[in-house]
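Summary of structural features
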Amino acid sequence: MRKRDSEQSRLDILQAAEIEFADKGFYGTRIDEIAERAAINKRMIYEYFGNKEELYKTVFSTVYNRLTEIEFKLLETNLHGKEAIEVIIRSYFKYLKENPTYVNLLLWENLNKAYYVKDLDYVGGKYIVIEKMKKIIEQGKEEGIFKKEIDTEQVVFSLMSYPFTYFSNKYTLCKLFSKDLSTGQEMERRINSMIEMFLSYLCTDR
């Protein structure tokens with residue numbers, strides 16, 4: 001019973017810290033606020049994580065690896081060609097919509113030039129994902145579905161980054177285009193446009 005309670009307390013702290021860090025960044029977040037949100041004595045936070053920096057690193061790794069796990073499961077399926085491009089784009093949009101804390105944490109960490117997570121070992125898993133995505137593109141080239149002259153690495157880079165900008169810049173884009181980009185209709189328009197853009201660039205029959 002004690003072990004189960006301990007694990008639940010740790011989970012409660014991580015969930016509260018994820019919200020606070022995503023909202024206010026590392027410097028703006030106070031341990032007292034995390035403790036209050038988690039309904040736990042702040043002494044327990046130090047007992048589980050040592051200090052604020054280690055808690056932040058744990059939160060970042062947890063959130064980052066959440067997407068990597070989804071990418072692994074997705075790319076383990078027999079995806080190839082045009083279907084793969086559409087599924088990848090739709091999967092990124094779905095994840096980013098459902099995980100706004102991921103977007104905010106990445107924005108904060110980039111503002112801090114990856115100062116707090118530069119030593120974390122979260123690159124290895126992402127490297128595997130990148131290589132799997134490259135393999136899909138290369139296979140498409142070999143099958144004559146994708147143009148042989150395209151830069152595979154740049155395509156993968158764009159597949160991973162374009163969906164993110166829709167969410168990271170949504171507030172300013174909403175003002176610029178005078179529309180609510182968070183609606184399902186607007187998001188579907190953007191997804192379809194992005195799929196068409198990638199396929200037009202990639203495919204030999206376009």
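In the block above lies the structure referred to throughout.
Note that this is a predicted model, so its numbers are computed, not measured.

1. Points about the overall build of the chain
- On a plain count of helices and strands, the chain comes out with 10 helices and zero strands.
- For the chain, the spread of C-alpha atoms along the principal axes amounts to about 60 × 40 × 35 Å.
- Here the chain holds 206 residues, and the buried ones make up 40% of them.
- Counted over contacts in the chain with a minimum sequence separation of 6, partners at least 24 positions apart contribute 71%.

2. Topic: helix 3 (residues 42-49)
- Those residues of helix 3 that sit buried are M44, I45 and F49. Summarising the axial view, the buried residues of helix 3 lie within an arc of 105 degrees, below the 170-degree limit, and thus occupy one face. Exposed residues pointing more than 90 degrees away from the buried face of helix 3 are listed as R43 and E47.
- Two residues or fewer after helix 3 comes G50, characterised by a positive phi angle close to 90 degrees.

3. Things to note about unusual backbone geometry
- One non-glycine residue, A39, lies in the positive phi region at around 55 degrees.
- Here A39 lies in the loop between helix 2 (31-38) and helix 3.
- Among the residues examined, A39 registers a relative accessible area of 70% and is labelled exposed.
- One non-glycine residue, A114, lies in the positive phi region at around 60 degrees.
- Here A114 is to be found in the loop between helix 6 (100-111) and helix 7 (123-142).

4. Some points on the pattern of salt bridges
- A full pass over the atoms with the stated rule returns 18 salt bridges.
- Measuring nitrogen to oxygen at the nearest pair gives 3.0 Å for the salt bridge that ties E18 to R66. A residue pair is termed long-range when its members are at least 10 positions apart, and E18 in helix 1 (residues 2-28) and R66 in helix 4 (residues 52-75) qualify at 48 residues.
- By relative accessible area, E18 is classed as buried at 11%.
- Connected through shared salt-bridge partners, E20, K24, E33 and R37 make up one network.

5. A look at the packing of aromatic side chains
- In total, this model carries 13 aromatic pairs according to the counting rule given.
- Look at F21 and Y56: their rings are 5.0 Å apart centre to centre, the planes differ by 80 degrees, and that puts the pair in the edge-to-face class. Of this pair, F21 sits in helix 1 while Y56 sits in helix 4, and the two are 35 residues apart along the sequence.
- Given the relative accessible area of 0%, F21 is considered buried.

6. Examining the side chain of E71
- Mapped onto the fold, E71 is located in helix 4.
- A residue is classified by how much of its surface remains accessible, and E71, at 4% relative accessible area, is buried.
- With residues up to four places along the chain from it excluded, the contact list for E71 reads Y92, K126, V129 and M160.

7. Here's the deal with the packing of helix 4 against helix 6
- For the pair helix 4 and helix 6, interaxial distance at closest approach is 10 Å and the crossing angle is 125 degrees. In terms of their interaxial angle, helix 4 and helix 6 are classed as oblique. When the axes of helix 4 and helix 6 are compared, the crossing they make is left-handed. Where helix 4 approaches helix 6, its residues Y56, V59, F60, V63, Y64, R66 and L67 are matched on the opposing element by T101, Y102, L105, L106 and E109.
- Each residue belonging to the contact of helix 4 with helix 6 can be placed in one class, and the counts come to nine nonpolar, one polar and two charged.

8. Some thoughts on helix 8 (residues 152-168)
- Helix length check: helix 8, at 17 residues, gives a terminal C-alpha distance of 25 Å against a target of 24 Å (1.5 Å per residue), a fit within 8%.
- Considered for burial, the residues of helix 8 that qualify are T152, V155, V156, S158, L159, P163, F164, Y166, F167 and S168.
- Its side-chain oxygen at 3.2 Å from the backbone nitrogen of E153, D151 defines the N-terminal cap of helix 8.

Rules behind the numbers
- Residues numbered from 1 in each chain as written.
- Predicted model: local features only at pLDDT ≥ 70, side-chain atom pairs only at ≥ 80, totals over all residues.
- Heavy atoms only, no water.
- Helix = DSSP H or I, 4+ residues; strand = E, 2+ residues; numbered from the N terminus.
- Buried < 20%, exposed > 50% of the residue type's maximum accessible area, 1.4 Å probe, protein only.
- Contact = heavy atoms within 4.5 Å.
- Arc of directions from axis to C-beta.
- Salt bridge = Lys/Arg side-chain N within 4 Å of Asp/Glu carboxyl O.
- Phe/Tyr/Trp six-rings, centres within 6.5 Å; stacked < 30°, edge-to-face > 60°.
- Axes fitted to C-alpha atoms, helices over the stretch in contact; angles between N-to-C directions.
- Parallel < 35°, antiparallel > 145°, perpendicular 65-115°, else oblique.
- Left-handed = near helix turned anticlockwise from the far one by under 90°.
- Nonpolar A, V, L, I, M, F, W, Y, C, P; charged D, E, K, R; others polar.
- Expected span 1.5 Å × (residues − 1).
- Polar contact = N/O pair within 3.5 Å; in protein donor to acceptor, adjacent residues only side chain to side chain.

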